[in-house]
Amino acid sequence: MALVSVRDYEKRAHEIIPRNALDYYRSGAGDELSLHLNRTGFDRLRIRPRMLQGGSTRDLSCTVFGQRFSMPIAISPTAMQRMAHPDGEVANAKAAATRQVLFTLSTISTSSIEQVAEATPNAPKWFQLYIYRDRQLTEELVRRAERAGFRAIVLTVDAPLFGLRRADMRNKFSLPPHLSMANFVGKAASIRSQGGSGINEYIAEQLDPTLSWDDVKWLLGFTKLPVIVKGILTREDAIIAADLGVQGIFVSNHGARQLDSVPASIEALPEIVAAVGGRVEIFLDGGITQGTDVFKALALGARMVFFGRPALWGLAVNGQAGVEHVLDILRNELDLTMALAGCKTLADITKEYVVHENHYSKL
């Protein structure tokens, strides 16, 4: 079967990835209500296309923090990518570089900060950060990212503990023994089940459960890189973050893997844009599987849209080339959506182009 959509790659990847890793990648928290909402949230939005707008080509390029990208689509941080393919994060980052899009490296990656930087020396990259109990260790991660040429720090704020991930509990998830947390040595590099989910046990032991806004101030105080907080779902937290001086906000529910019953990221986006959209850059991840999803998120105020799982599916199926093809699919779908909706540039994609399905029931 020809692979012509992200869904095609997902189906193929599910046949390839070992069950322990597959369930880790694909599962959500609890009963997976929010995982379902991440998809149906987009399905409930309707595009209002405009006709006879003229123009035969579209400009998909965008600029964020002074860096120009080929399109407003980027790769989210996802952990332990060498479970999907031996080349892991390095292949994913190289794919992003060839397509002139942004790659974000996870703290709990199976390829190190330095390995990814060496493989993509001139490509723009961001580093996702967890706050460890050991603050010296945490600061050293940031310093390593700075030295390696990463362009921003993405601080995950929705994971002082990991959510209730039942699939990992059933599987007694452990990182395969030939892999390790490449950014660490010693105990912090190992994820082995002690009877339950090894990743949850690791996080409970290593990360600081007392994470607070003071930690955001601490990070802002010592790094010169832009700081983006990832995991914001309410206007109240968005305002606090903007007031503290962060440069960006990631509207994200962590792939629906933390607290079940939270809204889909796309549902939370409008209130956050309304609260602080003029003060900081707004990004979104969660549920992106096609170009129409990207269009809807841009219309509702996101500057750039990120995805994680589709890159893993591409990686599993065909390594770097698979991720490149997934990016090409999404680019082509966004370009076609813009053409048929009557938008020649990203600036043309405004909130007037998208309404909730309830809009039509009220007419």
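These numbers come from a predicted model, not from an experiment. (Residues numbered from 1 in each chain as written. Predicted model: local features only at pLDDT ≥ 70, side-chain atom pairs only at ≥ 80, totals over all residues. Heavy atoms only, no water.)

Quick look at the packing of helix H12 (residues 291–299) against helix H13 (residues 309–341)
- Between H12 and H13, the least distance of the axes is 7 Å, while the angle of their chain directions is 60°. As far as their axial angle goes, H13 and H12 are oblique. For the pair H12 and H13, the sense of crossing is right-handed. Side by side, H12 and H13 meet where Gly 291, Thr 292, Val 294 and Phe 295 of the first sit next to Leu 330, Glu 333, Leu 334, Thr 337, Met 338 and Ala 341 of the second.
- Taken together, the residues of the contact of H12 with H13 break down into six nonpolar, three polar and one charged. (Axes fitted to C-alpha atoms, helices over the stretch in contact; angles between N-to-C directions. Helix = DSSP H or I, 4+ residues; strand = E, 2+ residues; numbered from the N terminus. Parallel < 35°, antiparallel > 145°, perpendicular 65-115°, else oblique. Left-handed = near helix turned anticlockwise from the far one by under 90°. Contact = heavy atoms within 4.5 Å. Nonpolar A, V, L, I, M, F, W, Y, C, P; charged D, E, K, R; others polar.)

Remarks on the UniProt feature "active site" (unreviewed entry) in the protein chain
- Those residues carrying the UniProt feature "active site" (unreviewed entry) are His 254 in this numbering.
- Examined against the element boundaries, His 254 turns out to sit in the loop between strand S9 (248–251) and helix H11 (265–276).
- Relative accessible area serves as the criterion here: at 11%, His 254 is assigned to the buried category.
- Sequence-distant contacts of His 254, that is, excluding residues within four places in its chain, are made with Tyr 130, Thr 156, Asp 158, Ala 159, Arg 165 and Lys 230. (UniProt positions renumbered as here; feature names shortened; annotations may be inferred. Buried < 20%, exposed > 50% of the residue type's maximum accessible area, 1.4 Å probe, protein only.)

As for the packing of helix H10 (residues 235–244) against H11
- At a minimum axis distance of 9 Å, the contact between H10 and H11 shows a crossing angle of 35°. Here the hand of the crossing between H10 and H11 comes out right-handed. Contacts between H10 and H11 pair Arg 235, Ala 238, Ile 239 and Ala 242 from the former with Glu 271, Ile 272, Ala 275 and Val 276 from the latter.
- Grouping the amino acids of the contact of H10 with H11 by side-chain chemistry returns six nonpolar, no polar and two charged.

Structural notes on the UniProt feature "binding site: glyoxylate" (unreviewed entry) in the protein chain
- Here, UniProt's "binding site: glyoxylate" (unreviewed entry) annotation points to Tyr 24, Arg 165, His 254 and Arg 257. These annotated residues cover 234 residues of sequence, and their C-alpha atoms all fall within 13.1 Å of one another, placing them together at a single site.
- Considering the arrangement of structural elements, one finds Tyr 24 in helix H2 (residues 19–26).
- If sequence neighbours within four positions are ignored, Tyr 24 has contacts with Ala 79, Met 80, Met 83, Arg 165, Asp 168, Phe 173, Ile 199 and Arg 257.

Some details on the packing of aromatic side chains
- Following the criterion strictly, the structure yields 14 aromatic pairs and no others.
- Aromatic side chains Phe 65 and Trp 126 sit 5.8 Å apart centroid to centroid with 40° between the ring planes, which places their arrangement in the tilted category. Residue Phe 65 is located in the loop between strand S2 (62–64) and strand S3 (67–69), and its partner Trp 126 is located in strand S6 (residues 125–129); the two are separated by 61 residues in the primary sequence.
- Each ring, one from Trp 126 and one from Phe 283, has its centre 5.4 Å from the other, and the planes form 65°; the classification is edge-to-face. Separated by 157 residues along the polypeptide, Trp 126 in strand S6 and Phe 283 in strand S10 (residues 281–285) bring together distant segments of the chain. (Phe/Tyr/Trp six-rings, centres within 6.5 Å; stacked < 30°, edge-to-face > 60°.)

Brief notes about the pairing of strand S7 (residues 152–156)
- Burial analysis of S7 places five of its five residues in the buried class, the great majority of the element.
- With four bridges joining them, S6 and S7 adopt parallel strand pairing. Within S7, the position partnered with Leu 129 by the bridge is Leu 155.
- Between the parallel pair S6 and S7, the chain is carried across by helix H6 (residues 135–147), and the sense of this crossover is right-handed.
- Summarising the sheet, S7 and strand S8 (residues 227–232) pair through four bridges and their orientation is parallel. The residue of S8 that forms the bridge with Val 154 is Ile 228. (Pairing = 2+ DSSP bridges. Right-handed = clockwise from strand over helix to strand, strands pointing away.)

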